[in-house]
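Remarks on the overall topology
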Amino acid sequence: MFEVPSLSDLNVGATLPVTLLALGACVLLVVDLFIPRERKSITAWLTAIGIGVSLVFSLLSLSGAVEFGSGELAFSDMYRADRLTDTINVAALITALLGVMVAYDYLERTRLQRGEYYILLMFSAAGAMLMGAANDLVIVFIALELLSIPLYILSGFRRPQEASEESAMKYFLLGAFASGFLIYGIALIYGATGTTNLPEVWDAVAGVVAEDSAAKFLVMIGAGLVLAGLGFKVAAVPFHMWTPDVYQGAPTPVVAYMSVAAKIGGFAALVRVFGMGLSTFVLESGAPAAWQDTIWLVAVLTMLLGNVVAIVQSDLKRLLAYSTIAHAGYILIAVAAAGTAGLEDTAAQAVVIYLIAYAFTNAGAFAVITAMEKDDASNTSLDALRGLASRCPWLAAAMAVFMLSLTGIPLTAGFVGKWFVFKVALQADLVAAAVVGVLTSAVSAYYYLRVVWMMYFEEGEGDAATPPALAWAIGVAAVGTLVLGALPYLLSDMAREITLAFGG
Amino acid sequence: MEDISLVTVVFMLPLVGVLPLLFVRSLSEHTMKWLTLTVSLVTFGLSLLLLYNFDTRVAGLQMVQKWDWISSDSFTIRYYVGVDGISIWLVLLTTFIMPISILASFEPIKDRVRLYYIFMLLMEWAMIGVFVAQDLFLFYVFWEVTLIPMYFLIGIWGSEDRIYAAIKFFLYTMAGSLLMLLAILWLGNEAGTFSLPEIFAKLNSGELSFSPSTERWLFLAFAIAFAIKVPMWPLHSWLPDAHVQAPTAGSVILAGVLLKMGTYGFVRFNLPLFPEASETFAPYIALLAVIGIIYGAWVSYGQDNVKKLVAYSSISHLGFVMLGIFALNSSGIQGGILQMVNHGISTGGLFLMVGMLYERRHTKMMNAFGGIWRAMPLFSGLSLVIVLSSMGLPGLNGFVGEFTILLGSAGSQVLSLWFTVAAAVGIILAAVYMLYMFNTVYMGELDKEENKRLPDLNWQELWSLIPIVIMVFAIGLQAGFFFNYMDSSVRDLVQYLGDTITAAAGR
């Protein structure tokens, strides 16, 4: 007989941040119907409040001041509310909040102001948060869809502009394809282990390896397919093709949000699936997990391709699109490091630190492009930056900070992220990946500094408009980037208690 | 809250000075100039106090400040600053050069003044940071941060090819230092701490040790970063570009202080962390150093651009410093450190001179001048002192440094005597190109019409050259005073090097 679990068994309390956000989005869906078209600022405010409340709950849970629910597991072991969940929640919610602030004025001036925008953004943030909390492969899949589908729609939000529609279509088709890979991979892992629950998978994989049965090939292929599916989300080579086109075509505020949120979700899921579920997939005793080599090779390719191709870009959105690919490569090094026994926790911490640093920096950089962009989506080329420093000194300074942070220059958050990633890479003996990582960082300095030199060294008509909400978003992102860079312990203390429960 | 060390005060003061420049909108250009100058002068004054409080008998760090910055179960990163005999003069050099560079910018810099002085103070902050940092993380942070203000100084206020020079400068140095980052991480992972004194303690007690091949790799990772900065031949190609394109103050800082970060790095990190590898690589590095000495001198002689001539002469002078350091004995290293200071003063002075000529004639070509002495006697007289100091005339500062270095390299157990011989040839070449330059620009007939009415020094120029000339004589005549401060620390270092090397030979 199927037994309906009681509400207290579900342990809803533990899932409060994400439940609140999702419920808020549902309620807002109805409320928005009664808000007249010209007063959509109310929807924006309500969204911000919803995200803010959820953020407060996440921070409370993170600080340990309040314990929500009883125990870590919720919804029949589907949801895991641990330190990783909390940090991923905070990262996703901050990104969502910045996303709302960046979008508001843009939607206003391009006459796209519709309540759905904010609601979709909330749903996708909930998806990203769920990916970090997944304790079951099925949740990974559902959360991925919850994250992605709103993003497909948001990419096409500038209907009937062709570039935006093309971007949405491309993203959707390829994204659906990637989801197929993911679900097939999950199915194979299920086939090999008889379960989709990550702790049980962890256990079963150890058994499969010990027995040396043919099932280990299923696990191997399954892991590969999951990597492909999630690799698509985080834009890792060779699943990156969609990124430049989608980012260039989609409305800039959407890119500001999704370039970060999709990475947060994707990497959280990678850490959960590989660092947690498949960390026992060790084919020779004493060796690292069998997927480690594949992931670091993917990381190396991703860093090389992203950084090298970014050099020749002349459009700022496209340049940053390749830069996001490159950054996926850096984070993947840390994911690969999780394959070394005993380093799962440290690797997960590095991933989270990098993601939070990246959230401020990348959202900020796209926010600056939003400020520059004209109503007809023009003025996003590198040349449009010429002389920006004389006309908008603070905006240019913020952009310079973001670029230096993306390069990984000390005293910015980006350096802290790279520091921890390369540190764990060396601990895991992934020297080659780390060397490629630092060398490509040097390459990346060229194109990031080109942005700075356009703004500061060239004369020109560079101009931008920064209405209050956008200015606040850029200010918060810039201050966040600098503060996290100057006080790295804020990040490391936040992440240091991340443990993958049964990893060791 | 514990007491705040004087080192922290000297270190943070320039950063505090940035704040009004950033946030007070109503400052006039005049106020901004004077504010920046005042901040840098107060910093210099406080750094003199540092000298006063320094105990020359102590070999280790003094006036230490230690706060935890990032702590975790497996490692700690600290805000850990202090000075010892190796770094004290470099801190002083920085605080000495900065007011001079700022004063020398009063006239030439008319564009985006606020930004300029913000970057000047950030530059000073970061450079002091490099010399006082005792934690590898902290050191790396400031090592990289120095790139940013210099990138902007060259890129915004430089001459025609400034963008190319700025980006080349940045990429060259950054590419090198990233490998050092990996080496630092590796060291930190092994040692469980990034604090230098703790790492030394662990190395001493044998708690931490490297296999010879690891030690060599680590040595090389650090060495490449430093060698690019010095710059050693053949990694020098960024330097002429950066120097020639940078504004005068930028060149002064670049030559005066930034290059010393590289040589300082060798003394602070490579020698004590990797003594055996230092010994192994010493002849190779000395060879590159000597090639640099001869090459720099040779190429200098071929220049018709004064600024380029001075730039290439830096390669030659820094070759001496490297030769001294890798003699791995007391006089070599002491001479090397003193020569770092000397080069900062003399070459800083030379770049100021070039800047003053350029301000008057808007050209740096030597054949545009000639017979300047008749038009500008005061300027020419001071220039002569600086030129002679750079050449190494006895009684002036350059001689003491170079002589001590040659003494060190001749007595070195790891270097063959031929290095000393070759370096001595370099001294002769230095006299050739310097006197050739002085002859073309200052002596001879004042035959060009535009040169006849050149005004002599104004008060800012005069006051930026006078301290330099004073120091040229002070170090030249009272070198003992300067050596005295580094004596204990260097003796300690050499002792340690000797012990480990003998121990390794005995194994």
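Residues numbered from 1 in each chain as written. Chains lettered and ligands numbered in written order. Predicted model: local features only at pLDDT ≥ 70, side-chain atom pairs only at ≥ 80, totals over all residues. Heavy atoms only, no water.

1. Some details on the confidence of the model for chain B
Just so we agree on the cut-off: pLDDT expresses, on a scale from 0 to 100, how confident the predictor is about each individual residue.
Overall, the predicted model of chain B reaches an average pLDDT of 87, with 99% of residues at or above 70. In the model output, the complex is listed with pTM 0.91 alongside ipTM 0.85.

2. Details of the pairing of strand S2 (residues 76-83) of chain B
All names here are of chain B. The cut-off we apply is this: Type-normalised accessible area, obtained with a 1.4 Å probe on protein chains alone, sets the label of each residue: buried when under 20%, exposed when over 50%, and partly exposed for intermediate values. Each helix corresponds to a stretch of at least 4 residues labelled H or I by DSSP, and each strand to a stretch of at least 2 residues labelled E; elements are numbered beginning at the N terminus. Any two strands between which DSSP finds at least two bridges are classified as paired.
With respect to burial, S2 is a largely interior element, eight of its eight residues being buried. Alternating residues of S2 divide into Thr76, Arg78, Tyr80 and Gly82 and Ile77, Tyr79, Val81 and Val83, and every residue in both groups is buried. Where strand S1 (residues 62-71) and S2 come together, seven bridges link them in antiparallel fashion. Bridge pairing in S2 links Lys66 to Tyr80.

3. Some remarks on helix H17 (residues 397-410) of chain B
All names here are of chain B. For the record, the criterion: In this scheme, a helix's expected span is set at 1.5 Å multiplied by one less than its residue total.
Counted at 1.5 Å a residue, the expected span for H17 with its 14 residues is 20 Å, and the 20 Å between its end C-alpha atoms agrees. Of all 14 residues in H17, 10 are buried, a share of seventy percent or more. Every buried residue of H17 is accounted for by Asn397, Gly398, Val400, Gly401, Glu402, Thr404, Ile405, Leu406, Gly408 and Ser409.

4. Quick notes on the interface of chain A and chain B
Put simply, the test is: Residue contacts follow a heavy-atom distance rule, with two residues in contact if any of their heavy atoms lie within 4.5 Å. Buried area is calculated as the accessible area (1.4 Å probe) missing from two parts once they are joined, with the contributions of both summed. A pair is scored as a salt bridge if a Lys or Arg side-chain nitrogen falls within 4 Å of a carboxyl oxygen belonging to Asp or Glu. Each polar contact in these results corresponds to two N or O atoms within 3.5 Å; when the atoms are within protein, one needs to be able to donate a hydrogen and the other to accept it, and residues that are neighboring in sequence are counted only if both atoms are side-chain atoms.
Residue-level contacts link 34 residues of chain A with 40 residues of chain B. Between chain A and chain B the total buried area reaches about 3,500 Å² when both faces are included, carbon and sulfur atoms providing 79% of it. Looking at the side of chain A facing chain B, the largest losses of area belong to Trp419(A), Lys423(A) and Phe457(A), adding up to 22% of the total buried there. Summed over the shared surface of chain A and chain B, the number is zero salt bridges. For the pair chain A and chain B, the number of links is five residue pairs in polar contact (both at pLDDT 80 or more). Counting residues per element, the ones that place at least two in the side of chain A that touches chain B are helix H16 (393-407), helix H17 (413-427), helix H18 (431-456) and helix H20 (489-495) of chain A. Residue contributions to the side of chain A that touches chain B peak at 11 residues, all from H18(A).

5. Comments concerning the packing of aromatic side chains
The cut-off we apply is this: To pair, rings of Phe, Tyr and Trp, with the six-membered ring standing in for Trp, must have centres within 6.5 Å; the planes then decide the type, stacked if under 30 degrees apart, edge-to-face if over 60, and tilted in the middle. Placement of a positive charge over a ring is assigned whenever Lys NZ or Arg CZ falls within 6 Å of the ring centre and within 35 degrees of the normal to the ring plane.
In the structure shown here, the tally under the stated rule is 66 aromatic pairs over all chains. Measuring from ring centre to ring centre gives 5.1 Å for Phe232(A) and Trp242(A), while their planes differ by 35 degrees; the resulting arrangement is tilted. Pair noted here: Phe232(A) is in helix H9 (residues 215-234) and Trp242(A) is in helix H10 (residues 242-249), with a separation of 10 residues, a long-range link. As far as the burial class goes, Phe232(A) and Trp242(A) line up, both buried. Consider the rings of Trp89(B) and Phe481(B), whose centres lie 6.3 Å apart with planes at 65 degrees: the pair is edge-to-face. One end of the pair, Trp89(B), is in helix H3 (residues 88-105); the other, Phe481(B), is in helix H21 (residues 479-506), and 392 residues separate them in sequence. With relative accessibility at 43%, the residue Phe481(B) sits in the partly exposed group. One Lys or Arg, Lys418(A), reaches over the ring of Tyr330(A) and ends 4.5 Å from the middle of that ring. Positioned over the ring face of Tyr358(B) is Lys364(B), at 4.9 Å from the centre of the ring.

6. Observations regarding a nonpolar patch on the surface
Residue and element names in this part refer to chain A. The following threshold applies: The patches reported here contain residues having more than 30% relative accessible area and no salt bridge. Joining distances are 9 Å for like charges and 5 Å for nonpolar side chains (Val, Leu, Ile, Met, Phe, Trp, Tyr). A 1.4 Å probe and the Shrake-Rupley method give the accessible areas. Residues count as covered only by the protein chains that appear here.
Together, Leu20, Val27, Val31, Ile42, Trp45, Leu46, Ile49 and Val53 give the surface a local cluster of nonpolar side chains, amounting to about 670 Å² of exposed area. Of all elements in the fold, only helix H2 (16-31) and helix H3 (41-63) reach the threshold of two or more residues within the nonpolar patch. With five residues, H3 is the single largest residue contributor to the nonpolar patch. Within the fold, Val27 resides in helix H2.

7. Some thoughts on the environment of Asp55(B)
For Asp55(B), the position within the fold is in the loop between helix H2 (29-53) and S1. Residues Asp55(B) and Tyr485(B), 430 residues apart in the sequence, show an inter-C-alpha distance of 8.1 Å.

8. Digging into unusual backbone geometry
Residue Pro238(A) is bonded to the preceding Val237(A) through a cis peptide linkage, with omega at 5 degrees. Looking at the element boundaries, Pro238(A) is found in the loop between H9 and H10. In this chain, Val230(B) is followed by Pro231(B) through a cis amide linkage whose omega measures -15 degrees. In this structure, Pro231(B) sits in the loop between helix H9 (212-229) and helix H10 (238-245). Notably, Asp77(A) is not glycine yet its phi reads approximately 65 degrees, a positive angle. Given a relative accessible area of 35%, Asp77(A) falls into the partly exposed group. Unlike most non-glycine residues, Leu328(B) shows phi in positive territory, near 60 degrees. Within the secondary structure, Leu328(B) sits in the loop between helix H13 (306-325) and helix H14 (330-361). With relative accessibility at 10%, the residue Leu328(B) sits in the buried group.

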